[in-house]
Amino acid sequence: MNGTSARSAPSAAEHAQPEGSETLRLLPVVVPVTAAGIAVLGAAVWSLMTSTPSLGSFAGLLALLVASVVVEAYPVPVEGVPAGSVSLGAVFIVGTAVVYGWVPAVVIGFATRALVDILDRRPPIRFLYNAGVYALGAAGAGATASQFGGNEVVDVFLAVLVGAGTFYATNVLLVALVISVWARERFFGVLRQSVYWTFVPFSIMASVSLMLAVLWDRSPLLSAALIGPLVAIALYQRSVHESLKAMRLALTDPLTGLGNHRHFHERLQRSLDEAQEDGTPVTICLIDIDHFKQINDRHGHPVGDRVLAQVASRLRQGGEAFRLGGDEFAILLPGRAGEDTFKIANAVLDRVAASPCEHGSTVNVSAGIATYPQHSLDRSELVRVADNALYWSKEHGRGRAHVYRPDVEELAELRWLIDGRDRAACLRAASSLAHAVDARDAYTGSHSYVVGELAARVAIRMGLEHEEIELLRLAGSLHDLGKLAIPEEILRKPGPLTEAERLVLERHPQIAFRMLDSLGVEPVADWILHHHERWDGTGYPHRLSRNDIPLGARILFVADAYDAMTTDRVYRGGLSHFRALAELDRCSGTQFDPNVVEAFKTEFAVNEELEPSLLETA
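Residues numbered from 1 in each chain as written. Predicted model: local features only at pLDDT ≥ 70, side-chain atom pairs only at ≥ 80, totals over all residues. Heavy atoms only, no water.

1. So, the overall build of the protein
When helices and strands are tallied, the protein shows 26 helices and 7 strands. Looking at the protein as a whole, 49% of its 618 residues qualify as buried. Look at the contacts in the protein between residues 6 or more apart in sequence, and 69% of them connect residues 24 or more apart. Of the accessible surface of the protein, which amounts to about 28500 Å², a share of 58% is contributed by carbon and sulfur atoms. (Helix = DSSP H or I, 4+ residues; strand = E, 2+ residues; numbered from the N terminus. Buried < 20%, exposed > 50% of the residue type's maximum accessible area, 1.4 Å probe, protein only. Contact = heavy atoms within 4.5 Å. Areas by Shrake-Rupley, 256 points an atom, 1.4 Å probe, with all protein chains shown as cover.)

2. Details of a nonpolar patch on the surface
On the surface, a cluster of nonpolar side chains totalling about 680 Å² of accessible area is made up of Leu55, Phe58, Leu62, Val66, Val70 and Tyr74. Within the secondary structure, Phe58 sits in helix α3 (residues 55-73). (Patch = residues over 30% accessible without salt bridge, like charges linked within 9 Å, V, L, I, M, F, W, Y side chains within 5 Å. Salt bridge = Lys/Arg side-chain N within 4 Å of Asp/Glu carboxyl O.)

3. Topic: a negative patch on the surface
A contiguous patch of negative charge on the surface is contributed by Asp273, Glu274, Glu277 and Asp278. Looking at where Glu274 falls in the secondary structure, it is placed in helix α10 (residues 261-278). The class of Glu274 is partly exposed, set by a relative accessible area of 41%. (Lys, Arg positive; Asp, Glu negative; His and termini not counted. Charge placed at Lys NZ, Arg CZ, Asp CG, Glu CD.)

4. Points about the pattern of salt bridges
On inspection of all chains with the given rule, the structure shows 18 salt bridges. Here Lys601 makes a salt bridge to Asp585, at a shortest N to O gap of 3.0 Å. Of this pair, Lys601 sits in helix α26 (residues 594-604) while Asp585 sits in helix α25 (residues 577-586), and the two are 16 residues apart along the sequence. The exposure class of Lys601 is partly exposed, given its relative accessible area of 22%. The residue Lys601 makes a salt bridge to Glu598 at a minimum N-O spacing of 4.0 Å.

5. Structural notes on the environment of Ala169
Along the chain, Ala169 turns up in helix α7 (residues 153-183). A relative accessible area of 31% places Ala169 in the partly exposed class. Expressed as a C-alpha distance, the spacing of Ala169 and Val195, which sit 26 residues apart in the sequence, is 9.4 Å.

6. What to know about the nonpolar core
Ranked by internal contacts, the top residues of the largest apolar core, which has 50 residues, are Val106, Tyr129, Phe167 and Val178. At the level of elements, α2 (21-49), α3, α4 (89-100), α5 (102-119), α6 (124-145), α7 and α8 (187-218) are the ones that each hand at least two residues to this core. Within the second largest apolar cluster, 46 residues are counted, among which are Leu464, Leu481, Ile490 and Leu581. (Core = buried A, V, L, I, M, F, W, Y, C linked by side-chain atoms within 4.5 Å.)

7. Topic: the packing of helix α18 (residues 447-461) against helix α24 (residues 551-566)
As a packed pair, α18 and α24 sit with axes 9 Å apart at the nearest point and diverge in direction by 130°. As the angle between them shows, α18 and α24 are arranged oblique. The two elements α18 and α24 cross, and the hand of that crossing is right-handed. Residue-level inspection shows His447, Val450, Val451, Leu454, Ala455, Val458 and Ala459 of α18 in contact with α24, the latter providing Ile555, Leu556, Ala559, Asp560, Tyr562, Asp563 and Ala564. (Axes fitted to C-alpha atoms, helices over the stretch in contact; angles between N-to-C directions. Parallel < 35°, antiparallel > 145°, perpendicular 65-115°, else oblique. Left-handed = near helix turned anticlockwise from the far one by under 90°.)

8. A word on the packing of aromatic side chains
What the rule picks out here adds up to 5 aromatic pairs. Aromatic side chains Tyr562 and Phe600 sit 5.0 Å apart centroid to centroid with 50° between the ring planes, which places their arrangement in the tilted category. On the criterion of sequence distance, the pair formed by Tyr562 in helix α24 and Phe600 in helix α26 is long-range, its members being 38 residues apart. Comparing Tyr562 with Phe600 shows no difference in burial state: the two are buried. (Phe/Tyr/Trp six-rings, centres within 6.5 Å; stacked < 30°, edge-to-face > 60°.)

9. So, the environment of Val458
With respect to the helices and strands, Val458 occurs in helix α18. Relative accessible area serves as the criterion here: at 1%, Val458 is assigned to the buried category. The spatial distance from the C-alpha of Val458 to the C-alpha of Val596 is 7.5 Å, given a sequence separation of 138 residues. Once you skip the residues sitting within four places of it in the chain, Val458 turns out to touch Ile555, Val596, Ala599, Phe600 and Phe604.

10. Description of the sheet that holds strand β3 (residues 282-289)
Taken together, the 5 strands give an open sheet; going across it, the order is β4-β5-β3-β6-β7, and neighbouring strands pair in mixed fashion. Strand pairing shows two members of the sheet lacking a second neighbour, β4 (320-325) and β7 (401-403), which therefore form its edges. Within the sheet, the average angular offset between the axes of one strand and its neighbour, ignoring direction, is 20°. By the bridge criterion, 8 bridges tie β3 to strand β6 (residues 365-372) in an arrangement that is antiparallel. Counterpart to Thr283 in the pairing with β6 is Thr371. Across the sheet, helix α12 (residues 301-315) is in contact with β3, β4, β5 (328-334) and β6; its angle to β5 comes to roughly 10°. Contacting β3, β5, β6 and β7, helix α13 (residues 339-353) runs over the sheet at an angle of about 160° to β6. (Pairing = 2+ DSSP bridges.)

11. Brief notes about the pairing of β3
Regular strands show a simple pattern: their side chains alternate between the two faces of the sheet. The element β3 is largely enclosed, with a buried count of 8 among its 8 residues. Here β3 shows no split at all, with Val282, Ile284, Leu286 and Asp288 on one side and Thr283, Cys285, Ile287 and Ile289 on the other all buried. Pairing analysis gives 7 bridges linking β3 to β5, with the strands arranged antiparallel. If you follow Val282 over to β5, its bridge partner there is Pro334.

12. Some words on unusual backbone geometry
In the segment running from Tyr372 into Pro373, the intervening peptide bond is cis, with an omega of 0°. Here Pro373 is to be found in the loop between β6 and α14 (379-395). Geometrically, the link from Tyr540 to Pro541 is a cis peptide bond, its omega value of 10° lying close to zero. Mapping Pro541 onto the fold places it in the loop between α23 (524-529) and α24. Phi angles above zero are rare outside glycine, and Arg121 is one such case at about 60°. You can see Arg121 is positioned in the loop between α5 and α6. In the Ramachandran plot, His291 falls in the positive-phi region, its phi being about 55° despite a non-glycine side chain. Mapped onto the secondary structure, His291 falls in the loop between β3 and α11 (292-299). Assessed through its relative accessible area of 42%, His291 is described here as partly exposed.

13. A look at the side chain of His530
In this fold, His530 is placed in the loop between α23 and α24. Given the relative accessible area of 7%, His530 is considered buried.

14. Topic: α7
The first and last C-alpha atoms of α7 sit 44 Å apart over 31 residues, in line with the 45 Å expected at 1.5 Å per residue. Just downstream of α7 lies Arg184, where phi reads positive at about 55°. (Expected span 1.5 Å × (residues − 1).)

15. Details of the confidence of the model for the protein
Averaged over all residues, the pLDDT of the protein is 76; the fraction at 70 or higher stands at 75%. Taken together, the stretch residues 611-618 has pLDDT below 50 and engages in 10 contacts with residues farther than four places along the chain or on a different chain. (pLDDT = per-residue confidence, 0-100.)

Next up, the structure:
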């Protein structure tokens, strides 16, 4: 069995093509190996010319050569090998080395590879290198096998074992070397992958070589019995390969060869399940090509497709890569977190930017990074926050990577709000975000809208100015805006939160404040920041007390608490109007501002239930 296969070395030369800088890069490897192979071949041919093999030996060698060429021309597909297949030619080359010695083995090895490549019209660099690899492997097999020259079973076994091992080691090392140089990958990484996928098939082929040597020693005609096992091995392997190919096609993007959208989500879920069991992190890096539409518009879709393929080839070196669709990609990094993932993302960006594309200029990509469990508790949330980080990268200059940070993130939903041309338009746009918040939270109905209406009614009762009343209505609509950055599993959890989950939830006023602070909507941002401060100073986030808490925040707190108590939740039913008022009264002076509670009771105590019109959506 020829290791990563003689098919692998040709693969490198084939992709490189026989001219240009790629070929020049291969020459320091190709020239010495080819020269050594030809030198060994010359020595073998000279030795044959000075000897006179018998007619029977000549016929046997010819039969071994034919068999070797046939199986070399029809290699067996093996998943994971760089060239995709391995040859059974090693069975006959190693068998020749054990039975006849290194001289015939070198001639058969060189001729086998050279004939197949010439008939396939391969470039000279390909068949010369691979024929040289075969000649060197055959010489090594013959030289080591000759150290066990007895006729005992143990001698034959050891001769085949060391001969096949030498041929395999020579082949796999030289093939991995030329591939690593061509692909600019680390030699030991390529070698490890090749050995991983080919060692078991090699072991099987070595046992077949042993059968060949034993049967040949009895009678060359008996070796024909090997045809059955070899055909069975080939057919079985082809069947397995076709099944894997069909599965891979269902999970592979045909243009780039990366995993597709479905494959990404399957792998992500599996990685998250494993991380949950092991307590390890999982990071995803979402990548988008900058200005890709311009490439398609200016140069055409065929050029755009080739750009996608080039970018994909650079992503493979960063981790397990996927194409999610269009110009969007993802890299999955199980077990990685923190600064390490940021360095990986930047290395990917640098590799892409350093590679000129067919249309004559470089391509830049932007990246967004998110990590489980630091940034999210499930698959959909992890992808969403990574996408928010990617949006941040796009909005802040492109061509950069950004790690998701909920406390400073401008969410995609706020883009059009920031672009508002005047204050009134900005405020109207902001109020519509309440619907997005309510859709994610555990409340039923339009909680944010109702809180805004309740707060406005209380503000009227307390005699506030018209502008403050309208701002309180807006603040009520936006008071839970920060929950857009909170995982839905926390928002919709049907039961008590853990301490860690509670701390995450309690950050939502600060997140909302940072979203709104730069938009010129004061004092709305400040009211929202403090709408969970308690009258007795035990609230959050800053433990303000009494009149240190802005009045707008105190009004929001009461309105929010009332609607929370009277609204059905996933884990409990809502209280009646009178029971909720009684609870507000009970907590007046500790949790709530007594003046605000009194105004609320005065405004709404006259009705058994609040007016139905108040609960209608805007």
